[in-house]
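One letter stands for each residue in the lines below.
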Amino acid sequence: MSAAGLPYRLRPNKFVDRELFLDVISRVVSARGPRDYAYISMGGAHLVDHFGVFRRTGIEKLYAFDEDNNTVERQKANKPFDQVECKCHGSDELAGRYEQILNDLGAEKAVIWLDYTRPRQRLSQLQEVESLSKKLLPGDVLRVTINADTEGLLKLKAQLPKGLNFATPNEEWAALLRQQLGEFVPADLNGFTATSFPGALARCIEAAISSGLAQGEEGVIALPLLSTSYQDTSRMLSVTVLICARDEEAATPPHWDFLPNGWNEVINIDAPDLSLREKGKLDSILHMGSKNAADSLGFFLGDSREKSEATINSYTTFRRYYPSFFNIEA
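This one's a predicted model, so the numbers in the text were calculated from it and none came from an experiment. (Residues numbered from 1 in each chain as written. Predicted model: local features only at pLDDT ≥ 70, side-chain atom pairs only at ≥ 80, totals over all residues. Heavy atoms only, no water.)

Asks: Explain the overall build of the protein chain here, please?
Replies: Counting its regular elements, the protein chain contains 11 helices and eight strands. The C-alpha atoms of the protein chain give a radius of gyration of 21 Å, which matches the 20 Å a tight globule of 330 residues would have. Its C-alpha atoms put the protein chain at 60 × 60 × 45 Å along the principal axes. For the protein chain, buried positions account for 49% of its 330 residues. Within the protein chain, contacts between residues at least 6 apart in sequence are counted, and of these 65% link residues at least 24 apart. For the protein chain, the accessible surface area stands at approximately 16300 Å², while carbon and sulfur atoms represent 47% of it. Looking at the protein chain, you have 37 positive and 45 negative side-chain charges, and the mean spots of the two groups are 4 Å apart. (Helix = DSSP H or I, 4+ residues; strand = E, 2+ residues; numbered from the N terminus. Rg over C-alpha atoms; globule rule 2.2 N^0.38 Å. Buried < 20%, exposed > 50% of the residue type's maximum accessible area, 1.4 Å probe, protein only. Contact = heavy atoms within 4.5 Å. Areas by Shrake-Rupley, 256 points an atom, 1.4 Å probe, with all protein chains shown as cover. Lys, Arg positive; Asp, Glu negative; His and termini not counted. Charge placed at Lys NZ, Arg CZ, Asp CG, Glu CD.)

Okay, here's the thing in structure tokens:
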């Protein structure tokens, strides 16, 4: 089952991922002024991220698109206010429409989220990222979400040249990725494991963005702000970057705890399934540290003592962004 078909209440990890994204862009936008910004993304039928961006950043110039006309009609019914633009086109058309979108909205800069789900289309997706990056200028924010499951790579084994010998399975993984993504795979990426695959993909996203920026305005680079991976059903990777001038100082938000040290540093989000009472209990004992908290609970959060401690560590890291879902009738 594709995660794209699940509602947010069944996808706690994506909820945390989106909350982290909203947090970091609110810091970027507040420092530069929301009036100059537009927010552009696929949005989905319910425009969940558009609501979030409007509430958290103050950006009022919102643009949603989808290649399915019925989805666009649902967007129009769900948009937070009448001025939100909802258009029917694919992500492959966004680069060609980009300047006109900004002009129509009266915006100078943009926060853009390309939320991809189909692993077989990774190459065309990165080509779209490259094309859009040519248009980006200092102050813009680009977020790319891409499927990070390895299952599709295994199906490419038959396409590898005959007679290849690999010293390790990790080298074979790199060859399979190069078979799929070609020039977007960095030359020094010689191997990775299934676990480190999101980090390898993040470097491919870096290559696509950097290639596009090199063909745009001179002296513009991309700084990674947030790189996360999570799995509700499919494993996903999200990379958020700030476009800035090469010599711009202090471009990234100060005191942002999740700033990556490099492109391949990816935070794994694993939001544990906790009841409200369990969360309340944890909140009262987290000051002890995860090891002592695990001992004092009286039960395991998971199937072992070690899993329970890992769950507590994860909750401690993300508890400010942790979802609380309630069943209500309106």
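There is more to say after this.
Asks: So what exactly am I meant to see when it comes to the packing of aromatic side chains here?
Replies: The description of two aromatic rings rests on the distance between their centres and on the angle between their planes. Under the defined criterion, the tally for this structure stands at nine aromatic pairs. Aromatic side chains F258 and Y321 sit 6.0 Å apart centroid to centroid with 70 degrees between the ring planes, which places their arrangement in the edge-to-face category. Of the two residues, F258 sits in the loop between β7 (235–245) and β8 (267–269) while Y321 sits in the segment after α11 (305–318), which places them 63 residues apart along the sequence. The residue whose ring lies beneath K109 is Y37, and the NZ or CZ to ring-centre distance is 5.4 Å. One residue, R143, lies across the ring of W113, its end atom 4.4 Å from the ring centre. (Phe/Tyr/Trp six-rings, centres within 6.5 Å; stacked < 30°, edge-to-face > 60°. Lys NZ or Arg CZ within 6 Å of the ring centre and 35° of its normal.)

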